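Residue-level structural notes
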Amino acid sequence: MKNNTNKSDISKAKSWESRLDGGPDELAQLFVESLSYDRRLYKYDILGSVAHAQMLCRQGLITPDELSEIEGGLAEIQSEIESGSFEFNIVYEDIHMAIEAALVAKTGDSGRKLHTGRSRNDQIATDMRLWMREEIENIQELIRNLQRAFLELAGRYASDVMPAYTHLQRAQPVSIAAYLLSYIEQLERDFSRLADSKKRLNVLPLGSGAVAGSTLTLDRNSTCHKLGFDSISGNSIDAISDRDFCAEFIFDCSMIMTHLSRLAEDFILFMSTEYGFIKIADKYCTSSSMMPQKRNPDMLELIRGKVGSVHGALVAMLTILKAQPSSYNRDLQEDKLHIFKAADVVTACLRITEGIVSNTVFRADAILDGIDEGFLDATALAEYLVSKGVPFRSAHGIVGTIVADCEKAGKKLSDVSLARYQKYCESISEDIYNVLGAANVAAAYKTVGSGGVSQSIESIEYWRTRL
Ligand code: ARG
């Protein structure tokens, strides 16, 4: 039962060509098409179509024979796309029309029934959610891998100490592991942010039609169940225009990129001669065409640079949505460009960052050599005075004076004699030397979640069970 309809109708690429006088010319076709980039949604488009067709059959809107023709045709189209033999012709505008046209060419009237009770408006909203659900899982997997790389590196340096900075000035000593663990925490928030987004987007728009639903008895709940959505959307006007999930997804990607750019910046500084804290692997460096000695951190710089396109995508997405009138407008087609860009950049950056982190060595001995520069133990000294009954504000003032004097004399805090210390404050005793020096401080932190050695070891244990 292939052709109940006129042959001339089939030759028309799109069913609305009978309504419009000729339709878009070549220039307009190139301008309006999204097939060149939405073709990557093919799998989800077919998935949604199969679920829709099965529902149509259960509702008696198509026969079981028609359903099997549709299913067979769509399966063939999928393998043609995957083998590269499918012809993507932009005359069909987008992936939905390209697949439907191919289906009609294969199955005639059965294919013509697939779009019953459906519009491209609820179709694209469904495809995007299906795609994004999976994309989120892929990104989450990459986040986990990167967290594991940080954990592995942290495990190697739990009892080594480095300076922690605020305002890029030396602040307090921490375990190197504590520094590395700080990225596991950031990435954990990125992971759970994506999980939240996934939960919120897992609502089925299909069945909302073009804007107002359908007069046919569609069973939306069965499609919802079949496609693994948690629920169906409650308002058809909202369902076909809602792209909150797109903006949210790009924000999630932007935040990941922000974290990666922080790491990139840290590592670029840390591998400079001035810091000399780390060595990243040669395979993640390039050299100079002129200066033969150079080992440049180009991958890290590119991570930092690529943040621009993801943050840009977020602004683009929000701007596309701003002040659009209610319901579907073709503006929305542009969303995909930015969503795909954000997903692709974040994927590439997470992968390369994992490689870099897994192949980085901290020069713990060199760090230790210079660790007593910069009065990293000054805060611990003030807290020592607190333990002797001095009010913190007074202790802060006393240590400020000691540091200023030491700086003038070119001394470290541990170089100051007990007699001299007692001139600054009577309550100081011999045990002061137990708290001075970066290594002593890193061993002395008491607060949960601090940058100390024992807290870092505990954290490493915790993350080992979690990751
Ligand atoms: N390619 C379109 C998009 O991505 C699909 C929806 C088109 N709907 C329409 N009414 N023209 O948004």
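Residues numbered from 1 in each chain as written. Predicted model: local features only at pLDDT ≥ 70, side-chain atom pairs only at ≥ 80, totals over all residues. Heavy atoms only, no water.

Section: the overall build of the chain
- When its secondary structure is counted, the chain shows 20 helices and six strands.
- Taking 467 residues into account, the globule formula puts the C-alpha radius of gyration at 23 Å, and the chain, at 31 Å, lies well above it.
- Overall size of the chain, expressed as C-alpha extent along the three principal axes, is 105 × 55 × 40 Å.
- Long-range pairs, those at least 24 residues apart, make up 76% of the contacts in the chain with a sequence separation of at least 6.
- Carbon and sulfur atoms form 52% of the exposed surface of the chain, whose accessible area is close to 22200 Å².
- In the chain, the 51 positive side-chain charges and the 64 negative ones have mean positions that sit 2 Å from each other. (Helix = DSSP H or I, 4+ residues; strand = E, 2+ residues; numbered from the N terminus. Rg over C-alpha atoms; globule rule 2.2 N^0.38 Å. Contact = heavy atoms within 4.5 Å. Areas by Shrake-Rupley, 256 points an atom, 1.4 Å probe, with all protein chains shown as cover. Lys, Arg positive; Asp, Glu negative; His and termini not counted. Charge placed at Lys NZ, Arg CZ, Asp CG, Glu CD.)

Re the site of the ligand
- Close to the ligand lie Ser34, Asp94, His96, Arg120, Asn121, Ile124, Tyr328, Arg330, Gln333 and Lys336, which account for all nearby residues.
- Between the ligand and Asn121 there is a distance of 2.9 Å, counted from a nitrogen atom to a side-chain nitrogen or oxygen.
- In the environment of the ligand, an oxygen atom lies 2.6 Å from a nitrogen or oxygen atom belonging to the side chain of Lys336.
- A total of 340 Å² of accessible area belongs to the ligand in isolation, and the protein chains cover 87% of it.
- Residue contributions to the shell around the ligand peak at three residues, all from helix H8 (residues 120-156).
- For the shell around the ligand, a count of residues per class yields two nonpolar, four polar and four charged.
- Domain assignment of the residues forming the shell around the ligand places at least three in each of domain 1 (2-7 + 22-116) and domain 2 (121-200 + 236-369). (Near = heavy atom within 4 Å. Polar contact = N/O pair within 3.5 Å; in protein donor to acceptor, adjacent residues only side chain to side chain. Nonpolar A, V, L, I, M, F, W, Y, C, P; charged D, E, K, R; others polar. Domains from an automatic or database assignment.)

Details of the pairing of strand E1 (residues 161-166)
- Sheet topology note: the E1/strand E2 (residues 169-175) ladder contains six bridges and is antiparallel. Counted as the bridge partner of Ala164 is Gln172 from E2.
- With antiparallel pairing between neighbouring strands as the criterion, E1 and E2 make up a hairpin whose turn holds two residues, including His167 at a positive phi of roughly 55 degrees. (Pairing = 2+ DSSP bridges.)

Notes on helix H16 (residues 378-387)
- Regarding H16, the residues found buried are Ala378, Ala380, Leu381, Ala382, Tyr384 and Leu385.
- Tucked into the core, H16 has its buried residues touching helix H17 (392-409), helix H18 (418-424) and helix H19 (438-444).
- Where H16 ends, the next residue or the one after it, Gly389, has phi of about 95 degrees, a positive value. (Buried < 20%, exposed > 50% of the residue type's maximum accessible area, 1.4 Å probe, protein only.)

Focus: the nonpolar core
- Grouped together as the largest cluster of nonpolar side chains are 110 residues, with contacts concentrated most on Phe249, Phe267, Ile339 and Phe362.
- Here the element with the most residues in this core is H8; it accounts for 15 residues.
- Within the second largest apolar cluster, 22 residues are counted, among which are Val390, Val403, Leu413 and Tyr421. (Core = buried A, V, L, I, M, F, W, Y, C linked by side-chain atoms within 4.5 Å.)

Regarding the domain arrangement of the chain
- Parsing the chain into structural domains produces domain 1 (2-7 + 22-116), domain 2 (121-200 + 236-369) and domain 3 (378-466).
- Centre-to-centre separation of domain 1 and domain 2, based on C-alpha positions: 37 Å.
- Facing the 16 residues of domain 1 at the interface are 14 residues of domain 2.
- With both chains or domains summed, domain 1 and domain 2 bury close to 1400 Å², and 54% of this area falls on carbon and sulfur atoms.
- Here Glu134 ties to Lys43 by a salt bridge, and the two come within 3.3 Å at their closest N and O atoms.
- For the pair domain 1 and domain 2, the number of links is nine residue pairs in polar contact (both at pLDDT 80 or more).
- Elements that contribute at least two residues to the side of domain 1 that touches domain 2 include exactly helix H3 (35-38) and helix H4 (42-58).
- Along the lines of polarity and charge, the residues of the side of domain 1 that touches domain 2 split into five nonpolar, five polar and six charged. (Buried area = accessible area lost by both parts, 1.4 Å probe. Salt bridge = Lys/Arg side-chain N within 4 Å of Asp/Glu carboxyl O.)

With respect to unusual backbone geometry
- If you check the backbone angles, Ala323 has positive phi at about 60 degrees while not being a glycine.
- Considering the arrangement of structural elements, one finds Ala323 in the loop between helix H13 (298-321) and helix H14 (335-358).
- In this structure Ala323 comes out as exposed when scored by relative accessible area, which is 69%.
- In this structure, Phe375 takes a positive phi of about 55 degrees despite not being glycine.
- As for its position among the elements, Phe375 is in the loop between helix H15 (364-369) and H16.

So, the environment of His167
- As for its position among the elements, His167 is in the loop between E1 and E2.
- When the C-alpha atoms of His167 and Ala195 are compared, they prove to be 33 Å apart, with 28 residues separating the residues in sequence.

A closer look at the UniProt feature "domain: Argininosuccinate lyase C-terminal" (unreviewed entry) in the chain
- Mapped onto the present numbering, the UniProt feature "domain: Argininosuccinate lyase C-terminal" (unreviewed entry) falls at residues 375-440.
- The span residues 375-440 is 58% helix and 0% strand, and its two end C-alpha atoms sit 13 Å from each other. (UniProt positions renumbered as here; feature names shortened; annotations may be inferred.)

Re the side chain of His259
- Its location among the elements puts His259 in helix H12 (residues 244-270).
- The buried category is assigned to His259, whose relative accessible area is 6%.
- A distance of 2.8 Å separates a polar atom in the side chain of His259 from a polar atom in the side chain of Asp190.

Overview of the packing of H4 against helix H5 (residues 64-83)
- Contact pair H4 / H5: the axes reach a minimum separation of 9 Å and the direction vectors enclose 175 degrees. When the axes of H4 and H5 are compared, the pair comes out roughly antiparallel. Seen from H4, the contacting residues are Tyr42, Lys43, Ile46, Ser49, Val50, Ala53, Gln54 and Cys57; seen from H5, they are Pro64, Leu67, Ile70, Glu71, Leu74, Ile77, Gln78, Ile81 and Glu82. (Axes fitted to C-alpha atoms, helices over the stretch in contact; angles between N-to-C directions. Parallel < 35°, antiparallel > 145°, perpendicular 65-115°, else oblique.)

A closer look at the UniProt feature "coiled-coil region" (unreviewed entry) in the chain
- Under the UniProt annotation, "coiled-coil region" (unreviewed entry) lies at residues 129-156.
- Along residues 129-156 one finds 100% helix and 0% strand; the C-alpha atoms at either end are 41 Å apart.

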